[in-house]
Amino acid sequence: MIKIRNLYKNFDKLEVLRGVNLEIEPSEKVVIIGPSGSGKSTMLRCMNLLEKPTSGEIIFKDQVINHGNIDINKVRENMGMVFQQFNLFSNLNVLENLTLAPVMRHRLSKDEAETKAMELLKRIGLPEKVKNYPNQLSGGQQQRIAIARALMMDPDLLLFDEPTSALDPEMVGEVLELMTELAEAGMTMAVVTHEMGFARQVANRILFIDEGQIVEESYDPNDFFDNPQEERTQQFLSKIL
Amino acid sequence: MTVSLQAIVDFIHNNFIKDDYWKYLANGFSITLQVTFFAFLIGFALGIFLAIIRVACKDLSPSWKTPSGFLINLLSKISNIYITIIRGTPTTVQLLIMFNVILVNLHNLKIVAILTFGLNSAAYMAEIFRSGIQAVSPGEVEAARSLGLSYMQTMSKIVMPQAFRNCLPAFGNEVITLFKETSISGFIGLVDLTRGAGILISKTFRAAPPYFASAMIYLIVVLILERIFHALERRVTHD
């Protein structure tokens, strides 16, 4: 689905990513953990080119997307992203938030988009919020709608950048529940998170990133948490678990 | 001291009614409104254009080597210089330069004033729009781009509507400033409300009534404009 080859990213003189290689297959749920400043969010943001890689290649569906003559908007249509701060469009109501992209990008007609939006809102349990504006919703509701907004484009891959970090504790559950549902439905997901319970339950692969490199990788989440191999992983896990 | 009704009627008659004196104020007011309105249109359109050019140049940081990049960079540089000059010199001097130098062959005073105030206001409106654009959450812009919307689609559907809302209060102030600033139109001989009051004084030899009357007219219009902008602000915020 997506391949990262020898990815480097510098912010001026600061080296944030130092040679990351990763391949995510369809239907995988990859959870990325690591200390703050380790580069995990930057790696995710490089995947849809919200950050431009300094060097290396991002290959999405067999196409190198970070150089050459690529319509990046077309690529992004197939790669949804969910943000820590939700980032719903504050000038649009819930329905408009959901229908804007599919209509503007000519994926769906206005009617089709509205029908689909209502279906998704029912699925996430918020059909009565259709005419509300983002500032009238709780954080958990906003994030569920942000996920629905990404789903409107039928993405092949969903990127989650710390989707529960800005939520009040009692709202974390409802968002994780929705993400778990998506995972079970077969969505390909890359999730940067500090929710270790979610990682254990949902991930088929765990990546531990530190200082801009993948330090440890495991296809067995329980084993990863119970028997981390690398010293840096052990130190990190001992601090947060 | 008692003021009889007759004294008030006489006062109004001698200062405003006699010989159609009021027409100096009325015609002047009409000119003031026209100049303000058309200058506003120019300022608004050019202001948005200048703001978008500068923001786009900063956002996209295009290369000087491509034709479109060259154009954006060049326009942005010109915008910066333009805004610096306009904001750094008195409006009165700008008006005199326009009248005596740049538009010396244009004999329609009203158009000279409209162009001067419009070009002047554009510089201020550009700064207001720019700060309004930059106050839009970068996260929302990223969200729009992550869904596949182009830069232009993001600007038109997400950034500009919010920028407009952000800068309504400052924008209202600028319109009021523009309206009051047209009172220097007399410098080039255009008979606006203020100059109309001056001419009226030269007929009646009484300074206070025409000046206070014109001040009152300015004040009433400003109060109306404030009302309009407050109503607009209320309409665009949804809580």
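Residues numbered from 1 in each chain as written. Chains lettered and ligands numbered in written order. Predicted model: local features only at pLDDT ≥ 70, side-chain atom pairs only at ≥ 80, totals over all residues. Heavy atoms only, no water.

A. Layout of the pattern of salt bridges. Residues and elements named next belong to chain A. Per the stated rule, a full pass over the model turns up 21 salt bridges over all chains. Arg 205 is the salt-bridge partner of Glu 28, the closest N and O atoms lying 2.7 Å from each other. Residue Glu 28 is located in the loop between β2 (14-24) and β3 (29-33), and its partner Arg 205 is located in strand β9 (residues 205-210); the two are separated by 177 residues in the primary sequence. According to the relative accessible area criterion, Glu 28 is buried, its value standing at 6%. A relative accessible area of 2% means that Arg 205 is categorised as buried. Ionic pairing is found between Lys 116 and Asp 154, a salt bridge with its closest N-O pair at 2.8 Å. Of the two residues, Lys 116 is situated in helix α4 (residues 110-123) and Asp 154 in the loop between α5 (139-151) and β7 (157-161); the sequence distance between them amounts to 38 residues. (Salt bridge = Lys/Arg side-chain N within 4 Å of Asp/Glu carboxyl O. Helix = DSSP H or I, 4+ residues; strand = E, 2+ residues; numbered from the N terminus. Buried < 20%, exposed > 50% of the residue type's maximum accessible area, 1.4 Å probe, protein only.)

B. Expanded view of helix α3 (residues 67-88) of chain B. Residues and elements named next belong to chain B. With 22 residues, α3 extends 31 Å from end C-alpha to end C-alpha; this agrees with the ideal 32 Å at 1.5 Å per step. When we look at burial in α3, the residues that qualify are Gly 69, Asn 73, Ser 76, Ser 79, Ile 83 and Ile 86. Each buried residue of α3 sits inside an arc of 165 degrees when the element is viewed along its axis, so together they form one side. For α3, the exposed residues set more than 90 degrees away from the buried face come down to Pro 67, Ile 81, Ile 85 and Gly 88. In this fold, the buried residues of α3 make contact with α2 (22-60), α4 (91-102) and α5 (109-134). (Expected span 1.5 Å × (residues − 1). Arc of directions from axis to C-beta. Contact = heavy atoms within 4.5 Å.)

C. A look at the interface of chain A and chain B. Residue-level contacts link 25 residues of chain A with 20 residues of chain B. Looking at the side of chain A facing chain B, the largest losses of area belong to Phe89(A), Asn91(A) and Met104(A), adding up to 27% of the total buried there. Connecting chain A to chain B are one salt bridge. A salt bridge links Arg45(A) to Glu142(B), with the nearest nitrogen and oxygen atoms 2.6 Å apart. At the boundary of chain A and chain B, one finds 10 residue pairs in polar contact (both at pLDDT 80 or more). Counting only elements with at least two residues in the side of chain A that touches chain B, the list comes to α2 (72-77), β6 (79-82), α3 (94-104) and α5 of chain A. Class assignment for the residues of the side of chain A that touches chain B results in 13 nonpolar, seven polar and five charged. (Buried area = accessible area lost by both parts, 1.4 Å probe. Polar contact = N/O pair within 3.5 Å; in protein donor to acceptor, adjacent residues only side chain to side chain. Nonpolar A, V, L, I, M, F, W, Y, C, P; charged D, E, K, R; others polar.)

D. Representation of the packing of α5(B) against helix α7 (residues 151-181) of chain B in the model. Residues and elements named next belong to chain B. Running from amino to carboxyl end, α5 crosses α7 at an angle of 150 degrees, the nearest separation of the two axes being 8 Å. Classed by the angle they form, the pair α5 and α7 counts as roughly antiparallel. Between α5 and α7 lies a crossing of right-handed hand. Here Phe 117, Asn 120, Ser 121, Tyr 124, Met 125, Ile 128, Phe 129, Gly 132 and Ile 133 of α5 come into contact with α7, specifically with Val 159, Met 160, Ala 163, Asn 166, Cys 167, Ala 170, Phe 171, Glu 174, Leu 178 and Glu 181. (Axes fitted to C-alpha atoms, helices over the stretch in contact; angles between N-to-C directions. Parallel < 35°, antiparallel > 145°, perpendicular 65-115°, else oblique. Left-handed = near helix turned anticlockwise from the far one by under 90°.)

E. Spotlight on the sheet that holds strand β5 (residues 63-64) of chain A. Residues and elements named next belong to chain A. The four strands lie next to each other as β2-β1-β4-β5, forming an open sheet whose pairing is antiparallel. Each having just a single partner strand, β2 and β5 make up the two edges of the open sheet. Here strand β4 (residues 55-60) runs beside β5; their pairing, made up of two bridges, is antiparallel. Looking across to β5, one finds that Ile 59 is bridged to Val 64. (Pairing = 2+ DSSP bridges.)

F. Representation of the pairing of strand β8 (residues 188-192) of chain A. Residues and elements named next belong to chain A. Among the five residues that make up β8, five are buried, leaving the element largely enclosed by the rest of the structure. On β8, burial covers both faces: Thr 188, Ala 190 and Val 192 on one face and Met 189 and Val 191 on the other are all buried. Where β3 and β8 come together, four bridges link them in parallel fashion. Its bridge partner lying in β8, Val 31 is registered against Val 191. Where β7 and β8 come together, five bridges link them in parallel fashion. When the bridges of β8 are listed, Phe 160 appears paired with Val 191.

G. Looking closely at helix α6 (residues 138-146) of chain B. Residue and element names in this part refer to chain B. Among all positions in α6, only Gly 139, Glu 140, Ala 143, Ala 144, Arg 145 and Ser 146 are buried. Of the residues flanking the start of α6, the one acting as N-cap is Ser 137, its side-chain oxygen 3.1 Å from the backbone nitrogen of Gly 139. Note on α6: the residue one or two positions beyond its end, Gly 148, has a positive phi of about 105 degrees.

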